[in-house]
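Tertiary structure, described
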Protein chains: 6
Amino acid sequence: MKTLRPSPITPTVDFDKPGVQHGFLRLPYSRDDSAWGSVMIPLTVVKNGSGPTALLTGGNHGDEYEGPIALFDLARTLDPKDVSGTVIIVPAMNYPAFRAGTRTSPIDKGNMNRSFPGRPDGTVTEKIADYFQRELLPRADIVLDFHSGGKTLDFVPFCAAHILPDKRQEEQAFAAVKAFSAPFSMRMLEIDAVGMYDTAAEEMGKIFVTTELGGGGTSRAETVRIAKRGTLNVLRHAGIVGGAVESQPTQWLDMPSGDCFSFAEDEGMIEPLVDLGEAVEAGQVVARIHPIGRTGQAPAEIKAKLSGILTARHFPGLVKPGDCAAVVAVLVD
Amino acid sequence: MKTLRPSPITPTVDFDKPGVQHGFLRLPYSRDDSAWGSVMIPLTVVKNGSGPTALLTGGNHGDEYEGPIALFDLARTLDPKDVSGTVIIVPAMNYPAFRAGTRTSPIDKGNMNRSFPGRPDGTVTEKIADYFQRELLPRADIVLDFHSGGKTLDFVPFCAAHILPDKRQEEQAFAAVKAFSAPFSMRMLEIDAVGMYDTAAEEMGKIFVTTELGGGGTSRAETVRIAKRGTLNVLRHAGIVGGAVESQPTQWLDMPSGDCFSFAEDEGMIEPLVDLGEAVEAGQVVARIHPIGRTGQAPAEIKAKLSGILTARHFPGLVKPGDCAAVVAVLVD
Amino acid sequence: MKTLRPSPITPTVDFDKPGVQHGFLRLPYSRDDSAWGSVMIPLTVVKNGSGPTALLTGGNHGDEYEGPIALFDLARTLDPKDVSGTVIIVPAMNYPAFRAGTRTSPIDKGNMNRSFPGRPDGTVTEKIADYFQRELLPRADIVLDFHSGGKTLDFVPFCAAHILPDKRQEEQAFAAVKAFSAPFSMRMLEIDAVGMYDTAAEEMGKIFVTTELGGGGTSRAETVRIAKRGTLNVLRHAGIVGGAVESQPTQWLDMPSGDCFSFAEDEGMIEPLVDLGEAVEAGQVVARIHPIGRTGQAPAEIKAKLSGILTARHFPGLVKPGDCAAVVAVLVD
Amino acid sequence: MKTLRPSPITPTVDFDKPGVQHGFLRLPYSRDDSAWGSVMIPLTVVKNGSGPTALLTGGNHGDEYEGPIALFDLARTLDPKDVSGTVIIVPAMNYPAFRAGTRTSPIDKGNMNRSFPGRPDGTVTEKIADYFQRELLPRADIVLDFHSGGKTLDFVPFCAAHILPDKRQEEQAFAAVKAFSAPFSMRMLEIDAVGMYDTAAEEMGKIFVTTELGGGGTSRAETVRIAKRGTLNVLRHAGIVGGAVESQPTQWLDMPSGDCFSFAEDEGMIEPLVDLGEAVEAGQVVARIHPIGRTGQAPAEIKAKLSGILTARHFPGLVKPGDCAAVVAVLVD
Amino acid sequence: MKTLRPSPITPTVDFDKPGVQHGFLRLPYSRDDSAWGSVMIPLTVVKNGSGPTALLTGGNHGDEYEGPIALFDLARTLDPKDVSGTVIIVPAMNYPAFRAGTRTSPIDKGNMNRSFPGRPDGTVTEKIADYFQRELLPRADIVLDFHSGGKTLDFVPFCAAHILPDKRQEEQAFAAVKAFSAPFSMRMLEIDAVGMYDTAAEEMGKIFVTTELGGGGTSRAETVRIAKRGTLNVLRHAGIVGGAVESQPTQWLDMPSGDCFSFAEDEGMIEPLVDLGEAVEAGQVVARIHPIGRTGQAPAEIKAKLSGILTARHFPGLVKPGDCAAVVAVLVD
Amino acid sequence: MKTLRPSPITPTVDFDKPGVQHGFLRLPYSRDDSAWGSVMIPLTVVKNGSGPTALLTGGNHGDEYEGPIALFDLARTLDPKDVSGTVIIVPAMNYPAFRAGTRTSPIDKGNMNRSFPGRPDGTVTEKIADYFQRELLPRADIVLDFHSGGKTLDFVPFCAAHILPDKRQEEQAFAAVKAFSAPFSMRMLEIDAVGMYDTAAEEMGKIFVTTELGGGGTSRAETVRIAKRGTLNVLRHAGIVGGAVESQPTQWLDMPSGDCFSFAEDEGMIEPLVDLGEAVEAGQVVARIHPIGRTGQAPAEIKAKLSGILTARHFPGLVKPGDCAAVVAVLVD
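For clarity, every value in this text was computed on a predicted model and none was experimentally measured.

1. Quick look at the overall build of chain A
The secondary structure content of chain A amounts to six helices and 19 strands. Taking 20 Å as the expected radius of gyration for a compact globule of 333 residues, we find that chain A reaches 21 Å, a close match to that expectation. Along the first, second and third principal axes, the C-alpha atoms of chain A reach 65 × 50 × 40 Å. When contacts within chain A are restricted to residue pairs at least 6 apart in sequence, those whose partners lie at least 24 apart make up 68%.

As structure tokens, this is what we get:
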């Protein structure tokens, strides 16, 4: 295996220093509008004593907001006196995407969650991934990575972990999901895990927990409350923050196969016939796509292939061929 | 008053012909990618007998979907046998904006609802406005124009009309609002009515009804059902479609002054503290704006100036100075 | 009538000076990339003795090339000794459009041939139009303005003039068309003449001749030869250049009504079934539009409404609703 | 040799099922405007009995139209009863480019014909290439790939195959070229064959035939007829469609060296002096480039280096340094 | 004269309230990315007692920095106790341009200094101009408007006023220029004063003083010091701030005619032969323009038409036809 | 080590032919606007006799002008009679960037000085780098590569070479720096030399000299004179051009560590407090960053970490987090 050159990223904090530090990951980025410019990724380190380390991340995709809100808030308010161990908070991993309000980086169109393990001499997105791969993930015992649907998808709010080959690791992850206490909890079997941050963390043996908490490129008071409560619950569960987990009932879901997904084959305006969280039957028409070039044309139909509840849906009013129109998950007792 | 040149728009339908016609308003638009090109605005005319004329419009702003869905659907399904009079359906008034999924026209950045009375020799948006002003509005007895919040605002679903100097005209409009039967109904006092389609119709003495039925650049099954039911209810109320109005309870709202609106003065990520439809007190912090350049910074606060319910809110996760962050309306008994 | 402020354009030539002058019309244009910048429109003045004045223009639309080629060539080679009078040559009227290779100006999207009479305090395109209106057209006795189809249309090569209220003026124009000696000659009845350079010249009583000599945003050796020969023929006919008109047979055409034009109502890929110059019958399918979102779909048909020859056609392989797909002109004996 | 991961592309058709199937190659493509979006590449499979397999492709470059027209038409009309074997039709290989009307993909600027053998984890264009390389080409016995000049080149219509090391394979390919029966037939010696679809097919031992049938980003009725006739002729020649080849006379051409090509060194407006198909002598000026910044400047000259016929030419009216201005091919008896 | 509608701009400050107020001019601006958005133009009002009113403005062009730096600094530090009268500070008039770092507004390409008197129903730039015309200028006794060369010009640092028909007004303006104490002082005769802020103020009889203090889209410590000292000097001179004017020697300049300006006719790379402030003779070559398409080509020459000093020059390394390459001003004893 | 395919670049000159040749490096570049297009990089070769070879380059970054001006000028004027050996002049290495006036290539955003050793099958920038790596550098004995600060940085004018492991090579380089005779001379210890042209040349054992001669995307008469004199001095020093070095006093500088650089952490408008070449003390505030969203806010401070002189600074008036705000170098006796 060839040795990689060191990361070009310089942190302005000392990860081993007790107390609260607000700083940056500085990534040199020479470009037309700044010959000696950098990307400055904000981060906070809160350290006290010798407990475990949690790595908390939002903005893996730049248009998902519950995580960044909960984490900017936590970074500002977490008191080291309440901590036993270390909390590393990066509220906006793909910071260029987050500033632009877009899923992918405006610099290189990089999808952070398909860029692992990254490269120290790659694109800006790959350089960030490489820094997480080689510098931050190794420091962590537990990793909580926030997602929501972004501008083009909307989800019922759930916390999730993956089915893993190491069943002990899997069990620990689902225990953390349970502690998070989202209204829904998901057991995910990743079909194509190549390039994911999740996979990078799991392959290092870390406890990895993720979420989908809404979407549409916005957030709601309710979903922000879920994110904030879930973050503290995970830190409590890990023994980093004191006190009992604030437990809430959750409905477990399963996505057993590719039949969960219904894709559009037509261009047009989408008419939802079912809202998120409602029950659907296999074969039911859950949405229609109206052609918009003329009046008087019949719409195409989007059908559920499984019975369950509508778990995610296409968000924008217009739809393109190939867009995922609807996702159905199965209720687990 | 100077005589205007004729509109350059040619309809491919005959407004006086009975039956159903699906056609276009053809607006010549010479441009780099089509020297002899046109904008083709779909419309449907359904005519039977001699009853009144309703003009139904969606897509006044191009990123609002409940109206266009209800109207493309109605245009395809309305049977002339069920009509007494004429229904003119233009599901997407600002058709270039609607195709682009944007509030304003990608051609000229025209905001249709600030472009009336339009100009036959103006921009594409002004030419469309002029055609409505001089050709379509004069044909109508009642006008229903659909709005929602678009990509950047979200509303509780309401139907609305304006406080008018002619109290008989006002009374007729609010009777139509009541017939629409949205969950909320609004009495609007327009501060700055210059350039609006509403004003153009009202100044001709037409009964004018409008809506705000959601937002975020999407639609939901529930709000689409409100739009469909409301459309038929208005047509029934006007005697154009037979049968009784399908009445539903509604909560009346009032927006008494500029204090309904709270504007952001800061750039950052918005954290909603109250969701749409929830009660707020005057002085209550309804949202916070987190600076995103660093961690550890205090957020700015957005406060309600009136007590009432949260009726509209900024939708995207990021916010800019000057954006309307929250709107509070007062409950009317 | 209100007095207009003087044109901001400064010529670097003296229109009254004998001999050959190559220079510019300098139009101040302050912008982000040049605070004190200008548009520099090349022109040539060739003057000898006291004969009539011809104004020769190309690049009225910036993506039409036969005229600019013939006129840059003439400007370089015309010897004042061969001239009796004045020849003013502006090979590229809408110079910003010509540099960009686009129909309209990249600065303001101005279509020069819809911008007359222009405004001295308007857009860049309107300022150029105003200079022609108030400074150049008044100097001319005869005006030859070159057009071709541009990037989005293709024409059989013809020279044309308008049916005019002043029959003596009309007769002089058609005599010049005949002298031009293109393969086809067209009698045009302009439906909507507002804003045209043609109209501006004709209303001043000038002899105005125009062309359509091909298209597609290219030129051919054959069509360039037509343009060069036609230019000299018109100058000979006007008595400005000596020698006999080099006459060629021409076929006269007529475009009697709006039925000459067939517009697309569908989006897709256009399949031409008839080539330019071929005979068509009324009702004949002259092109088809294939939907491109799927295979297996039936194409829409474009039909001729008149019998005649295919005179112009949509050029690009893809077509949009509202594009002019085909133009049929009627043969005149 | 390392094992590649499977292609991310899922076909919605079954290549082994008899009859006609219209479907898609679905390629997942996550992006800012569709988090779980896909590229949907239309394809048709027509299968009957056990004969050979032809793979027919257009839109390798997205602005070339004779192939896509002939293939969308064939996909819609080919009756399985008339087939002995399998016909796989992909009318637009680089579908994103085809939809955009551009040579290369608007997503990644990928030139499909320089992207082989592709990569399953590469760009969208490379993923499509990989699918052809590993899934479609192996199924084929004969491959017909349509090209024309696109928006920036124009060609005399020819069918072509390559000089190959395997003379039996070469002979079979030229027999298919002869069957195609274009007005011209070309023997091509590829100087730089790296990355080409042609090379990928030939290295697998397939019979590979290609064309250049016009250009300029348009098509003509005549060249479309050549494409349709040629397609059926190749299928007849291969024994997949019954009946005799509809043979037409053809002129064989050769491009013996780099001296066939004349490149521009100057910026300006190009004046063609010779049209496509006309004879040229070595040293003859075939085009001139006029400077457009001023009048009165001498044009640069483009000369033929060989005697032959003008086979291809720069299409747009403006030309840049480095553009190929003219191609001369040698007549073969 | 027709009555204009009221300005849509709302100030968040009270111009008549004593003390320091930091606030905004809020200009509603509905657009695709904010349906109910606004432009928020920062301003400060410092008021104490009943003395005269100074209106201090920067960012009339958005890429000029000495003024905004001096005024943001003054707004933060000016103590009302030191003021007798009112100081209204708008550090960035064309705020959208200033945020973008461009001369003109990115919203409408409006050049603020050619937009007066503005329109309340015009573009964003015209709405700002109208607010200054009807609300702010009438409040002022003396107006200081900062300019520098912006990204595309560079100037020797000077303060200036105009030759005016009212000689008493002119005398007062030049007295203020003298008080400013820049290294150079200019007597300007405006050739084309239409649309300027200067003209708007002068026509109301105000004392109007302006500057050019450098350029290139940057500032220097030295030019910032000139701006800060000049601002206080003007306020002292006006009796609004106490203490004596801090006087510095100045060299008076004159720009007697259009011969001060030398324009480029060629495209290329500019080679300066004289630096700012150096003496030049009429006819001297002050810069050369190298063609960049090839090596070995002779450069074009830019000559001074007058003797004097080089007062302004084209800044970027590349130059376009029509750009002002050099400005020579005449020394006044 | 795997064998690379040959470079796709074809020179139009013969490097071994005596005399002066002006030509191009032709790099085929197929794209949407030119299917068979090329990048044409101008170069000049001046050869006489058998002396050493100098490779002179500018435009490594496309917005730096002293080098290109000196080299276009030298290419036009250098007489082979005055040469003993060979001078290869490429005034604009990253020619697409140079034409665009940008640091990096508009084609692929390639930073030439981070693209070595390049790739023959890579991006356009990598293909150019590969040609220098494998074709031009091997021919050279001495390499002079011009830099300035570009649009976003400004430098005191210096010539520089690197501290090298081979002390004899280092000594030769510094002797050439001394011969150049810039006002300042710099000893550079490169922290991260990966991908640089400098490193590529040095690793081949060449004498490599570079410069920083100003910046801001402009040039001055004074810095152009430094570049021209320096070029001739280096050629004289190398014995390629006859005559004595025209020596000038120089001040040697050193940049001992990363503490030379001060980076911005805030967004806003930068106020320089020190100008280039002025002395600064460690801890001194050298610039301030004013927030521009409101008035009345305190600016952030940029401090020097070392005592020395201000050697480089951020140029544009606005600044972003991560931009290099100031560089301090230490005086060497």
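2. Describing the domain arrangement of chain A
All names here are of chain A. Domain annotation for chain A reports domain 1 (10-253) and domain 2 (255-332). Its C-alpha centre places domain 1 at a distance of 30 Å from the equivalent point of domain 2. Each partner contributes residues to the interface: domain 1 has 14 residues there, and domain 2 has 13 residues. When residues of the side of domain 1 that touches domain 2 are traced back to their parent elements, those giving at least two are strand S7 (153-155), strand S9 (184-188) and strand S11 (251-254).

3. Quick notes on helix H1 (residues 66-77) of chain D
Residues and elements named next belong to chain D. Across its 12 residues, H1 extends 17 Å between first and last C-alpha, which sits within 8% of the 16 Å expected from 1.5 Å per residue. Among the 12 residues of H1, 10 are classified as buried, and the element is accordingly described as predominantly covered. Among the residues of H1, those classed as buried are Glu66, Gly67, Pro68, Ile69, Ala70, Leu71, Phe72, Asp73, Leu74 and Ala75.

4. With respect to the packing of helix H4 (residues 167-180) of chain B against helix H6 (residues 221-237) of chain B
Residues and elements named next belong to chain B. For the pair H4 and H6, interaxial distance at closest approach is 8 Å and the crossing angle is 135 degrees. As judged from the angle between their axes, H4 and H6 are oblique. For the pair H4 and H6, the sense of crossing is right-handed. Contact residues: H4 offers Ala176, Ala179 and Phe180, while H6 offers Gly230, Asn233, Val234 and His237.

5. Quick word on the sheet that holds strand S15 (residues 285-290) of chain C
Overall, antiparallel pairing links the four strands, which are arranged S16-S15-S13-S18 (chain C) in an open sheet. Strands at the two margins of the open sheet, each flanked by one partner only, are strand S16 (300-303) and strand S18 (318-319) of chain C. Two elements, strand S13 (residues 268-272) of chain C and S15 of chain C, share four bridges in a ladder whose sense is antiparallel. Its bridge partner being in S15 of chain C, isoleucine 270 of chain C is matched across the sheet by isoleucine 289 of chain C. Packing against the sheet, H1 of chain D makes contact with S13 and S15 of chain C, and its axis sits at approximately 95 degrees to S13 of chain C.

6. Some words on the relation of the copies chain C and chain D
Superposition of the two copies of the chain requires a rotation about an axis and a shift along the axis. In the superposition of chain C on chain D (RMSD 0.0 Å, axial shift 0.0 Å), the rotation amounts to 180 degrees. Here the copies are linked by what is in effect a two-fold axis. Taking the C-alpha atom as reference, chain C places glycine 216 of chain C closest to the rotation axis, 3.6 Å from it. Taken as a fraction of all interface residues of chain C, those also at the interface in chain D reach 100%, which identifies the copy contact as same-surface.

7. Details of the arrangement of the chains
Without any contact between them, chain A and chain E keep their closest C-alpha atoms 12 Å apart. A gap remains between chain C and chain F, which never touch, and the nearest two C-alpha atoms on either side lie 12 Å apart.

8. Things to note about the relation of the copies chain D and chain F
Least-squares fitting of chain D to chain F yields an RMSD of 0.0 Å, with the transformation described by 0.0 Å of translation along the axis and a rotation of 120 degrees. Here the transformation between the copies is reduced to the relation of a three-fold axis. No C-alpha of chain D lies nearer the rotation axis than that of aspartate 108 of chain D, which sits 6.3 Å from it.

9. Focus: helix H4 (residues 167-180) of chain A
Residues and elements named next belong to chain A. Under the 1.5 Å per step criterion, the end-to-end length of H4 is 20 Å for 14 residues, consistent within 8% with the ideal 20 Å. The complete set of buried residues in H4 reads Gln172, Ala173, Phe174, Ala176, Val177, Ala179 and Phe180. In this structure, the buried side of H4 is in contact with strand S6 (142-145), strand S8 (158-162), S9, strand S10 (207-212) and helix H6 (221-237). One or two steps after H4, the chain reaches serine 181, where phi turns positive at roughly 65 degrees.

10. Details of the UniProt feature "domain: Succinylglutamate desuccinylase/Aspartoacylase catalytic" (unreviewed entry) in chain A
The positions that UniProt labels "domain: Succinylglutamate desuccinylase/Aspartoacylase catalytic" (unreviewed entry) are, in the present scheme, residues 51-237 of chain A. Counted over residues 51-237 of chain A, helix gives 37% and strand 18%. Its end C-alpha atoms are 13 Å apart.

11. Focus: the interface of chain C and chain D
In this assembly, 39 residues from chain C lie in contact with 39 residues from chain D. Of all the secondary structure elements, the ones that give two or more residues to the side of chain C that touches chain D are strand S3 (38-48), helix H1 (66-77), helix H6 (221-237) and S13 of chain C. For the side of chain C that touches chain D, the class distribution of residues is 19 nonpolar, 12 polar and eight charged.

12. Notes on the sheet that holds strand S15 (residues 285-290) of chain D
Spatial strand order, S16-S15-S13-S18 (chain D): four strands in an open sheet with antiparallel pairing. Every interior strand has two partners, whereas the edge strands, strand S16 (300-303) and strand S18 (318-319) of chain D, have only one. Where H1 of chain C meets the sheet, it contacts strand S13 (268-272) and S15 of chain D, and its direction lies at approximately 95 degrees from that of S13 of chain D.

13. Examining unusual backbone geometry
Cis rather than trans, the peptide bond between phenylalanine 116 of chain D and proline 117 of chain D has omega equal to 10 degrees. At serine 181 of chain A, a position not held by glycine, the phi torsion is positive, near 65 degrees.

14. Points about the pairing of strand S6 (residues 142-145) of chain D
Residues and elements named next belong to chain D. Every second residue of S6 is oriented toward a common face, with Ile142 and Leu144 on one face and Val143 and Asp145 on the other, all of them buried. Judged from the four bridges that link them, strand S4 (residues 53-57) and S6 form a sheet pairing that is parallel. In the strand pairing of S6, leucine 56 is matched with leucine 144.

15. Considerations on the packing of H1 of chain D against helix H6 (residues 221-237) of chain D
All names here are of chain D. H6 packs onto H1 with a crossing angle of 55 degrees between their chain directions and a minimal axis gap of 9 Å. For the element pair H1 / H6, the angle class is oblique. Pair H1 / H6 crosses with right-handed handedness. From H1, Glu66, Gly67, Ile69, Ala70, Asp73 and Leu74 reach across to H6, where they touch Thr223, Val224, Ala227, Lys228 and Thr231. Taken together, the residues of the contact of H1 with H6 break down into five nonpolar, three polar and three charged.

16. Focus on the pairing of strand S2 (residues 19-28) of chain D
Residues and elements named next belong to chain D. Note: strand S1 (residues 10-11) against S2, two bridges, orientation antiparallel. Residue proline 11 lies in a different strand from S2, and its bridge partner there is leucine 25. Two elements, S2 and strand S3 (residues 38-48), share 10 bridges in a ladder whose sense is antiparallel. When the sheet's bridge partners are listed, glycine 23 is paired in S3 with leucine 43.

Reading the values: rules and limits
- Residues numbered from 1 in each chain as written.
- Chains lettered and ligands numbered in written order.
- Predicted model: local features only at pLDDT ≥ 70, side-chain atom pairs only at ≥ 80, totals over all residues.
- Helix = DSSP H or I, 4+ residues; strand = E, 2+ residues; numbered from the N terminus.
- Rg over C-alpha atoms; globule rule 2.2 N^0.38 Å.
- Contact = placed C-beta atoms within 7 Å.
- Domains from an automatic or database assignment.
- Expected span 1.5 Å × (residues − 1).
- Buried ≥ 20, exposed ≤ 12 C-beta atoms within 10 Å, placed from the backbone.
- Axes fitted to C-alpha atoms, helices over the stretch in contact; angles between N-to-C directions.
- Parallel < 35°, antiparallel > 145°, perpendicular 65-115°, else oblique.
- Left-handed = near helix turned anticlockwise from the far one by under 90°.
- Pairing = 2+ DSSP bridges.
- Least-squares fit on C-alpha atoms with pLDDT ≥ 70 in both.
- UniProt positions renumbered as here; feature names shortened; annotations may be inferred.
- Nonpolar A, V, L, I, M, F, W, Y, C, P; charged D, E, K, R; others polar.

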